[in-house]
Amino acid sequence: MEPLGIKGAFSFTPKIHGDHRGSFHEWFRADELRARVGHELNLAQANCSVSAKGVLRGVHFADVPPGQAKYVTCLRGAILDVVVDLRVGSPDFGRWEAVRLDDRTRRCLYIAEGLGHAFMALTDDATVVYLCSQPYAPQREHGVHPLDPDLGIAWPQDVEPVLSAKDAAAPSLAEAHKTGLLPDYRTCLDYYAELGRPA
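Residues numbered from 1 in each chain as written. Predicted model: local features only at pLDDT ≥ 70, side-chain atom pairs only at ≥ 80, totals over all residues. Heavy atoms only, no water.

An unreviewed UniProt entry annotates the chain as dTDP-4-dehydrorhamnose 3,5-epimerase originating from Actinomadura keratinilytica. Under the Subunit (unreviewed entry) heading, UniProt states for the chain: "Homodimer." As stated in UniProt under Pathway (unreviewed entry), the record for the chain gives "Carbohydrate biosynthesis; dTDP-L-rhamnose biosynthesis." (UniProt positions renumbered as here; feature names shortened; annotations may be inferred.)

Set out below in structure tokens:
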């Protein structure tokens, strides 16, 4: 597992074993994730989404605590997966980083609680699965508009973005900050430390 430039985000490219029958790889290892992150990923929910080319989901995040950490991979097709630091007070606040996830490299992405997550489908029937540390709780879930010019995420120019009504109505980063919607960096760090303490 390799850290990304944003604290709390890691990428993992598994070793793929292939022969004339097909291939095999380990896409999740709890011990390796724990060693890098400092605590277990409490598996509370597993999601699968299938998207047409151009579908843009996010930028989504949840209140911390407890937030919702995610471990994401693309089983079919390809996506551009984006992590955004939405933690107010973070030295990386407002910064984003993009990673291509696809069915060739089988790369995975870990996104800590408090970070924003979005992705765009680069192919039809892009199939994404992700493990979540907390179940979906609508009252704690929020979004920032993925096309906010202040965020400036470099989505592919040759793909027309398709947003849900909810994502299209999401506030800008500045609006979300002004209304107190965004997670606090120090609160997130304290929560990460709490998760790493023995029970």
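Caption draft 1: Structural context of helix α4 (residues 185–196). Taking 1.5 Å per residue, 12 residues should reach 16 Å; α4 reaches 17 Å between its end C-alpha atoms and fits that length. Every buried residue of α4 is accounted for by Tyr185, Cys188, Leu189, Tyr191 and Tyr192. Mapping the buried residues of α4 onto a view down its axis gives an arc of 160°, with all of them on the same face. (Helix = DSSP H or I, 4+ residues; strand = E, 2+ residues; numbered from the N terminus. Expected span 1.5 Å × (residues − 1). Buried < 20%, exposed > 50% of the residue type's maximum accessible area, 1.4 Å probe, protein only. Arc of directions from axis to C-beta.)

Caption draft 2: Looking closely at the environment of Ser90. Its location among the elements puts Ser90 in the loop between β8 (78–85) and β9 (96–102). Overall, the relative accessible area of 8% leaves Ser90 in the buried class. Separated by 94 residues in sequence, Ser90 and Asp184 place their C-alpha atoms 8.1 Å apart. Those residues in contact with Ser90 that sit more than four places away from it in its chain are Asp85 and Tyr185. (Contact = heavy atoms within 4.5 Å.)

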